[in-house]
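# Chains, contacts and geometry: an overview
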Amino acid sequence: MRDRSHPSDAFARVRALFDAALEHPEAERTRFLADACGDDAALYDEVSSLLAALERHVRSGDASVPSVVAEQVAALVVDRASLIGTRIGAYELVRLIGEGGMGAVFEGVRADDQYRKRVALKFLRRGVEGDLAIRRFKYERQILANLGHANIAALLDGGVTEDGQPYIVMEYVDGTPITHYADTRSLDVPARVALLLQVCAAVQHAHANLVVHRDLKPGNILVSEAGQVKLLDFGIARLLRESEGADQLPPTIGGTHALTPEYASPEQLRGLPMGTPSDVYSLGVVAFELLVGRRPFDLRDRLLVEVQEIVCSQPAPAPSSLVDVSSDGGTRRRRQLQGDLDAILLQALRKEPERRYTAVAQLADDLQRVLDGAPVAARRDALTYRVGKFLRRRRFEVAALSVVFLSLLGGIVSTSRAAARAERDQRVAEEANRFLSTMLAAADPGYQGQDVTLRDVLAQAAQDVESEALSPEVEAQVRHTLGQTYYELGLYDSATVHVERAAELRERVYGEIDMRTSMSLSYLAALAEQRAEWARAESITTRVLRIQQSLRPVDEGELATAYDNAARYVFNLGRLDSALALQRIGLVHRRRATDSASLDALPYTLINMAVSYMNRDEHVEAQRLAIEALAAEARVHGTESVMYGSILRLYSQIYDGLGFPDSADATIKASVDVLERTVGTDHPDYLRALGVYAQHRVDAKDWVTAERVAREVVDAIGTHLPEGNLYAAASLQNLGLARAAQGHVAEGDDWLSRALALRRQVLPAQHWLIAVSESVLGHHYAMTDRLARGEPLMRTAIASLTEVRGETAPPTRAAAARLAEALERHGQADEAARWRIRAAEDSTPR
Amino acid sequence: MTQLLQALADGVDGASDALAPIIYDELHRLATALMRRERDGHTLQPTALVHDAYLRLAGQRGMEWQGRSHFFGVAAQAMRRILVDHARRRDAAKRDGGHRVTFDDALLADGGRPLELIALDDAMQRLAVLHARSAQVVELRFFGGLEIDEAATVLGIGRATAVRDWTFARAFLQRELDAG
């Protein structure tokens, strides 16, 4: 029933009459309106007032309103110019220096200072985001203010004007862009390399303080008359992005804001997270331009998509090949670049961040060697380039082993940069690398880029490390590296041999309380996890935890990771409450960690905690954490990452737990899609998501789909899914349920028994998942008229679940419901009713 | 960028939301960049700014009219927000008197009629409650500088309908503004 006086109805009548009245000549409108309105005086008044207003508007020449708009635009435009002479904080604005993508830049002087110190004031463009961005801006500014270095323009001050405009005050630099400086003085190659060394020193210093420039280009690298290099805008690109709230925008958009495409790294153009390697790349472009006279790629008049395509896929040409030999001294310059400088620049310009110089210091070392006439590392590196990626440590090790659907994601061996640094003890690392490089070089002719050959290479190295008389430190480093490589290849037995030895040696040389010892132990724990030796994994991790707690200064990220790992092992042993307690502490440390590599791990910590809450039936809390995890992951690695796909999988299960089967379905499909795109259909993570999909289909009693999907997982057992993988057990069970439901009882018996046997084989005897399998198998027997065989299994299962998980835990209640259903089927209504009540008892979150 | 504009032209969901901040930035940048030019006594039209922004963002590649008109739809909205926010700040600064030295004090130097613009914006909001499409026509005409045919294309309505909306909107706004 609609209210007759509904405003939109009333309006519709007004509007209809207004339009109709205008169809009549002006003289007749009043008459028409009076007739049409009858005795509705209000309607008459309303429409005639509008007609009168229209007349006034037309008489005024339609002009008054648009002119207000125009004047406002004009006022907006003149604003900034009139800022000259005003004071912002302690500074008086003297002159507008420029207006760039970053916002307005003014020259200012410190008004309360007798020396009238010159400064540059930058007003950052106002963001679409509010207070949060400004708070972050203040925090970041503090970090930048501490970056004192002779080659970095100092950040002196900054703040937010009272109308919310963020600004920063920087040292005023009187200089010219580096390329311009060198060209006007016709500097030779060595002099240009010397300038680059100054640039490297500045960037290196900032990186050591965990500040990434993100927008290195000649315009930000000024050289004074005296030849001193000054870098501008360190970290400002990041501040800018954040003050704009651009981090919340999809990468394609955020990416277009604060970057200069000509100098942007491939990862930057793709909108991926940028670390120090991104600066190395930009430095490479600047060096290229400085030494060659042009940039590696001609990107003029290209659209951003084209730029992306070129920078991300075309290999950079050798610098010497682009030298204009017809120019003055061109031939000589080409000769000077050929060889060393070509190799150095090309290494800096590699597409994959991890294959560039890992630190600016190494780039600087090589440039210095060019000046000294010493052999450069880049040329040696070219030899090991193809296999190098296998030897570099991966930050995250995603374990192939997982307990059930609701198992933790996991296995992060180590996260923090400080730990990586500690491990990279220069002398030891150098010797170890020399050993490994020699070995790789020796094996190079036979290397075909296949695992088999790499395996041979590693086997050779393993032999050599026995016979070579290496110092314990170096041997430990070599073995640790070999162990990591074996680990990545999935050769866990060989990996264990080497990592165990590395851990022993390190403990002997450095003592137990040492980051290096801890790193080897972490790998050992990860290896134990891969072999499903959770008790061993737990005891090793307890040691790692103790080491991390004792190390000074505390490495928050590494400590958080130790807690994460300990929680996962404890969880896998079935001690869920202890796991959650450990995770809570871990999250506190994780949030405290400022190391960007450690922050990358935040999604892991969050989602694993969400899983713990899920297992306690606290879905709302789980959902809150999962949402934060998704947001964090999207920010760090984007939405096309394995992790994102895996979080989606868990999120789907949360939806399921919250009672939204449709959302759960849509989410698991999204997860499967993301994982198929990112890791392919052979990967355990993909299979895991598929397993969850099968589970949802089982819950929906969609037996046909359930069977098809579960079978895909089961078919992978023994090939892409290790046989001991518990995840396989869940899919065996689902396949059994699907077959049985379609009338294939004997097949159901077979699959369900195999699932139970597998769980008994790999889990500790008291594990609740064994009980779940017993309950499912018992239920299957009972529902296929074998109550005598099924009932004891179901009752044992309930007793075991009650003891281990508690009476009201979801799996216990599900087991009670199964028993009730079986008893109902066999006419034992009273007994069934008792179990029904137990099944319905809600758990009360503590 | 071009992909986004194309998405906008194709009516992809969310394309306007994604574009709005970019257009907003670009308009703001253009407006402030103009201060370096000599003031030649011409009254600056929002149309000029919006067209300028469009040319910059879309680059040399021709966009079909459909995409262009959608762009103007988003731009008109952004322009309205820029101007109204600005007017409100000016007004707030004026009301505060000269006690504080703020960024906004500088804004007092020049004219403009911030209060009238704020009143217009308020009236447009009231109009939007009654009849959203009429308010959109006004937004496109005033803040996007579109002709009536262009506005009709953006909104996907016939020319006659657009004319009726435009006439009604002007009557409504004039009455509201006169009532003060």
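None of the values given here were measured: they were computed from a predicted structure. (Residues numbered from 1 in each chain as written. Chains lettered and ligands numbered in written order. Predicted model: local features only at pLDDT ≥ 70, side-chain atom pairs only at ≥ 80, totals over all residues.)

### Quick word on the overall build of chain A
Assigned secondary structure in chain A consists of 38 helices and 9 strands. Going through the 846 residues of chain A one by one, you find that 47% of them count as buried. In chain A, the proportion of contacts linking residues at least 24 apart, taken out of those at least 6 apart, comes to 59%. (Helix = DSSP H or I, 4+ residues; strand = E, 2+ residues; numbered from the N terminus. Buried ≥ 20, exposed ≤ 12 C-beta atoms within 10 Å, placed from the backbone. Contact = placed C-beta atoms within 7 Å.)

### Notes on the overall build of chain B
Per the secondary structure count, chain B includes 8 helices and 0 strands. Burial analysis of chain B (180 residues in total) assigns 44% to the buried set. By sequence separation, contacts in chain B at least 24 residues apart represent 66% of the contacts at least 6 residues apart.

### Structural notes on the sheet that holds strand S9 (residues 229–231) of chain A
All names here are of chain A. The antiparallel open sheet is built from 3 strands, whose spatial order is S7-S8-S9. Because the sheet does not close on itself, it has two edges, and the strands there are strand S7 (176–177) and S9. Here S7 pairs with strand S8 (residues 221–223) via 2 bridges, running antiparallel. Bridge pairing links threonine 176 to valine 223 in S8. Against the sheet, helix H7 (residues 189–208) touches S8 and S9, its axis set at about 35 degrees to S9. (Pairing = 2+ DSSP bridges. Axes fitted to C-alpha atoms, helices over the stretch in contact; angles between N-to-C directions.)

### Brief notes about helix H22 (residues 515–530) of chain A
Residues and elements named next belong to chain A. Taking 1.5 Å per residue as the helical rise, H22 with its 16 residues ought to reach 22 Å, and the 23 Å between its terminal C-alpha atoms agrees with that figure. Across the 16 residues of H22, 16 count as buried, placing the element largely inside the fold. With its phi angle positive at about 60 degrees, alanine 532 sits one or two positions after the end of H22. (Expected span 1.5 Å × (residues − 1).)

### A short note on the packing of helix H30 (residues 661–678) of chain A against helix H31 (residues 684–699) of chain A
All names here are of chain A. Running from amino to carboxyl end, H30 crosses H31 at an angle of 160 degrees, the nearest separation of the two axes being 9 Å. With respect to H31, the element H30 is oriented roughly antiparallel. In this structure, H30 crosses over H31, and the sense of that crossing is left-handed. For the pair formed by H30 and H31, the contact residues are Ala664, Asp665, Ile668, Ser671, Val672, Leu675 and Glu676 on the first element and Asp685, Tyr686, Ala689, Leu690, Val692, Tyr693 and His696 on the second. (Parallel < 35°, antiparallel > 145°, perpendicular 65-115°, else oblique. Left-handed = near helix turned anticlockwise from the far one by under 90°.)

### A closer look at the packing of helix H27 (residues 602–615) of chain A against helix H29 (residues 642–658) of chain A
All names here are of chain A. The interhelical angle for the contact between H27 and H29, taken along N-to-C directions, is 20 degrees, at an axis separation of 11 Å. Classified by the interaxial angle, the pair formed by H27 and H29 is roughly parallel. Here H27 runs over H29; the crossing is left-handed. On H29, the residues touching Pro603, Ile607, Ala610, Val611 and Met614 of H27 are Met643, Ile647, Leu650, Gln653, Ile654 and Gly657. The residue makeup of the contact of H27 with H29, split by class, is 9 nonpolar, 2 polar and no charged. (Nonpolar A, V, L, I, M, F, W, Y, C, P; charged D, E, K, R; others polar.)

### A word on the confidence of the model for chain A
All names here are of chain A. Taken as a whole, chain A shows an average pLDDT of 77; of its residues, 75% reach a score of 70 or greater. Across residues 382–419, confidence stays below pLDDT 50; counting only partners more than four residues off in sequence or on other chains, it has 109 contacts. With pLDDT under 50 throughout, residues 441–453 is counted as low confidence; its partners more than four residues away or in other chains account for 12 contacts. (pLDDT = per-residue confidence, 0-100.)

### As for the environment of Gln548(A)
Residue and element names in this part refer to chain A. On the secondary structure map, glutamine 548 appears in helix H23 (residues 534–550). Given 24 C-beta atoms within a 10 Å radius, glutamine 548 is considered buried. A C-alpha to C-alpha distance of 7.6 Å links glutamine 548 and serine 518, two positions 30 residues apart in sequence. Among all residues touching glutamine 548, those that are not within four sequence positions of it are Ser518, Asp555, Glu558, Leu559 and Ala562.

### Things to note about the confidence of the model for chain B
Residue and element names in this part refer to chain B. Summing up the model confidence of chain B, the mean pLDDT is 66 and the portion of residues at 70 or higher is 46%. When pLDDT is averaged over each element of chain B, helix H8 (residues 159–179) comes out on top at 89 and helix H1 (residues 2–9) at the bottom at 56. Within the model, pLDDT remains below 50 along residues 34–45, and this stretch shows 14 contacts once partners closer than five positions in the same chain are excluded. Scored below 50 in pLDDT, residues 59–66 makes 10 contacts in the model with residues more than four places away or belonging to other chains. Reported confidence for the predicted complex is 0.76 by ipTM and 0.42 by pTM.

### Section: the nonpolar core
Residues and elements named next belong to chain A. By size, the foremost hydrophobic cluster in this structure holds 82 residues, and its most contacted members are Ile607, Ala610, Ala626, Ala629, Ile647, Leu690 and Leu819. Beyond its immediate stretch of four places on either side in the chain, alanine 626 contacts Ile607, Ala610, Ile647, Leu650, Tyr651 and Ile654. Grouped together as the second largest cluster of nonpolar side chains are 67 residues, Val119, Tyr181, Val203 and Ile221 included. (Core = buried A, V, L, I, M, F, W, Y, C linked by C-beta atoms within 7 Å.)

### Quick word on the environment of Tyr492(A)
Residue and element names in this part refer to chain A. Inspection of the secondary structure puts tyrosine 492 in helix H21 (residues 492–510). Taking the number of C-beta atoms within 10 Å as the measure of exposure, tyrosine 492 has 20 and is therefore buried. In contact with tyrosine 492, other than residues within four places in its own chain, are Tyr487, Leu527, Gln530 and Arg531.

### Some details on helix H34 (residues 745–762) of chain A
Residue and element names in this part refer to chain A. The end-to-end C-alpha distance of H34, which contains 18 residues, comes to 26 Å, matching closely the 26 Å that a straight helix rising 1.5 Å per residue would cover. Within H34 the residues assigned to the buried category are Gly748, Trp751, Leu752, Ala755, Leu756, Leu758, Arg759 and Val762. Buried residues of H34 fall within an arc of 160 degrees about the axis and therefore sit on the same side. (Arc of directions from axis to C-beta.)

### Digging into the environment of Leu690(A)
Residues and elements named next belong to chain A. Here leucine 690 shows up in helix H31. A tally of 24 C-beta atoms within 10 Å means that leucine 690 is categorised as buried. The spacing of leucine 690 and arginine 711 is 21 residues in sequence and 9.9 Å in space, taken between C-alpha atoms. Leucine 690 has contacts with Val672, Val709, Glu712 and Val713, leaving out every residue within four places of it along the chain.

### Describing unusual backbone geometry
Residues and elements named next belong to chain A. Cis geometry marks the peptide bond from arginine 552 to proline 553, where omega comes out at -5 degrees. For proline 553, the position within the fold is in the loop between H23 and helix H24 (556–572). In the Ramachandran plot, aspartate 785 falls in the positive-phi region, its phi being about 60 degrees despite a non-glycine side chain. Position of aspartate 785 relative to the elements: it lies in the loop between helix H35 (768–783) and helix H36 (787–805).

### Overview of the pairing of strand S4 (residues 118–123) of chain A
Residue and element names in this part refer to chain A. Where burial is concerned, most of S4 is hidden: 5 out of the 6 residues are buried. As paired elements, S4 and strand S6 (residues 166–171) share 5 bridges and run antiparallel to each other. Among the inter-strand pairings, leucine 121 is bridged to a residue of S6, identified as valine 169.

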